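Summary of the model geometry
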Amino acid sequence: MVLSFTLVTACYQPNSQTPSSLSENSDTTKACKVVQHALGETCIPANPQRIVILDEFYLLDTLSALDVKLVGYTPCQVCIPSELLSEFVVDVPKLGDMAAPSLEKIVSLKPDLILGLAWQEQFYPRLSEIAPTVMIEEPELNGFIPTLKYLAKILDKNELVDGILADYDRKISAFRQQFGEKLQDKTVSVIGVDATSFYVRKLGDNIYSQVMSDAGVQFSPAYETIKTNGYHPLNTEALTQWDADFLFVVRNYERHTEDFELLTQKPIWSTLDVVKNEQVHPMVLDVWGPITVNQFIDDLYEYFSNNL
């Protein structure tokens with residue numbers, strides 16, 4: 001799979017899509033606007049009506065907040081699904097998997113716009129033959145607000161952005177007012193579960209750290225040692241460096257429940273103060289956009305209300 005991806009991306013250079021390069025089944029290529037995106041530029045319909053997305057988290061969340069209706073999407077087959085976002089895809093066809101979208105199914109829907117993420121660039125040449133295709137910069141690194149503003153701009157939904165961000169600011173302000181002083185001398189660590197080990201990520205390398213920082217959460221000093229983005233495995237001995245007043249454990253895949261139980265059987269786990277104080281909070285902690293961000297703030301509110 002890695003070799004195939006390398007061969008495809010080595011041969012492919014991002015380029016511009018023009019109306020003449022798009023599928024003939026699109027009736028909107030006569031009136032389009034050029035937008036810049038992660039892999040170049042594309043001329044998209046001025047008012048797309050049949051939008052397909054290659055992601056059920058970042059893009060589904062943001063587009064649903066912008067009141068965009070979809071005709072198809074690709075789910076993540078190994079992830080724990082979001083109950084919060086599931087209402088937006090009731091009766092919306094599934095198009096394979098995020099890592100392997102079904103091109104045949106996408107063609108059958110006759111989309112006039114396809115939206116994907118930059119890491120899916122190997123599919124971009126083929127998708128561009130089906131309909132105008134825009135690949136979004138990684139929302140994790142950009143943050144959910146720039147992603148929201150970008151999608152609102154290209155889809156002419158700018159009038160909704162101020163209200164969405166105002167709701168976020170109100171929630172953050174209310175949280176800070178309730179817990180700001182109480183959290184000043186408390187530290188938080190967030191670690192993830194990955195089969196045989198835990199891992200950590202640099203602050204700012206994910207949306208949940210952005211939200212927690214906005215909310216006034218103080219992170220463990222151990223984060224100062226993480227200089228690069230991505231996943232950093234933790235060996236058993238390193239767990240003590242991430243001891244904190246509160247520990248959030250990320251479990252985003254179905255298999256992570258069993259993985260977590262096995263990892264917590266290691267002797268060093270029971271020596272952590274946060275374990276002794278019963279302040280370990282396992283949760284699905286992958287925040288994707290305005291809708292799940294607001295829910296995440298509510299979750300933090302409930303958690304700290306019960307533990308401070």
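None of these values were measured; they are calculated from a predicted model. (Residues numbered from 1 in each chain as written. Predicted model: local features only at pLDDT ≥ 70, side-chain atom pairs only at ≥ 80, totals over all residues. Heavy atoms only, no water.)

Topic: the environment of aspartate 245
We count it as follows: For the purposes of this entry, the term helix denotes a DSSP run of H or I that reaches at least four residues, the term strand denotes a run of E that reaches at least two, and both are numbered from the N terminus. Two residues qualify as a contact provided that any one of their heavy atoms is within 4.5 Å of a heavy atom in the partner residue.
Relative to the elements of secondary structure, aspartate 245 occurs in the loop between β12 (231-234) and β13 (246-250). Ignoring anything within four residues of it in the chain, the contact list for aspartate 245 reads Asp185, Lys186, Thr187, Val274 and Gln279.

Concerning the state of the cysteines
For the record, the criterion: The definition used for a disulfide is geometric: two cysteine sulfur atoms within 2.5 Å. Burial classes follow relative accessibility: with a 1.4 Å probe on protein chains only, a residue under 20% of its type's maximum area counts as buried, one over 50% as exposed, and anything between as partly exposed.
This structure, assessed with the given rule, holds 2 disulfides. Cysteine 32 shares a disulfide with cysteine 43; S-S distance 1.9 Å. Disulfide cysteine 32 to cysteine 43: torsion about the S-S bond roughly 90 degrees, handedness right-handed. Of this pair, cysteine 32 sits in strand β2 (residues 32-37) while cysteine 43 sits in strand β3 (residues 40-45); the two residues are 11 residues apart in sequence, bridging distant segments of the chain. A relative accessible area of 26% means that cysteine 32 is categorised as partly exposed. Here cysteine 76 is linked by a disulfide to cysteine 79, with a sulfur-sulfur distance of 2.1 Å. Where cysteine 76 bonds to cysteine 79 through sulfur, the torsion about that S-S bond is close to 65 degrees, and the disulfide is right-handed.

Things to note about the sheet that holds strand β10 (residues 188-194)
Just so we agree on the cut-off: Strand pairing follows a simple DSSP-based rule, namely that at least 2 bridges must link the two strands. Lines fitted to C-alpha atoms define the axes, with helix axes restricted to the stretch in contact, and inter-axis angles between N-to-C directions lie between 0 and 180 degrees.
Pairing is mixed in the open sheet, where 5 strands are placed in the order β12-β11-β10-β13-β14. The two strands at the open ends of the sheet, each matched to only one other strand, are β12 and β14 (280-283). Going from strand to strand, the sheet's axes swing by 35 degrees on average, the running direction of each strand aside. The pairing of β10 with strand β11 (residues 197-201) spans 3 bridges and is classified as antiparallel. Within the sheet, the bridge partner assigned to aspartate 194 lies in β11 and is serine 197. Here helix α12 (residues 290-307) sits on the sheet and contacts β10, β13 and β14; the angle it forms with β13, its principal contact strand, is near 140 degrees.

Side note on the pairing of strand β8 (residues 113-117)
We apply this condition: By definition, the crossover connecting two strands over a helix is right-handed if that path, from the first strand to the second, turns clockwise as seen with the strands pointing away from the viewer.
Along β8, 5 of the 5 residues are buried, which leaves the element largely enclosed by surrounding structure. Residues Leu113, Leu115 and Leu117 line one face of β8 and the alternating positions Ile114 and Gly116 line the opposite face, and both faces are buried. As paired elements, strand β4 (residues 51-53) and β8 share 3 bridges and run parallel to each other. Within the sheet, the bridge partner assigned to isoleucine 51 lies in β8 and is leucine 113. Taking the sense of rotation as the criterion, the β-α-β connection linking β8, helix α5 (residues 124-130) and strand β9 (residues 133-136) turns out right-handed.

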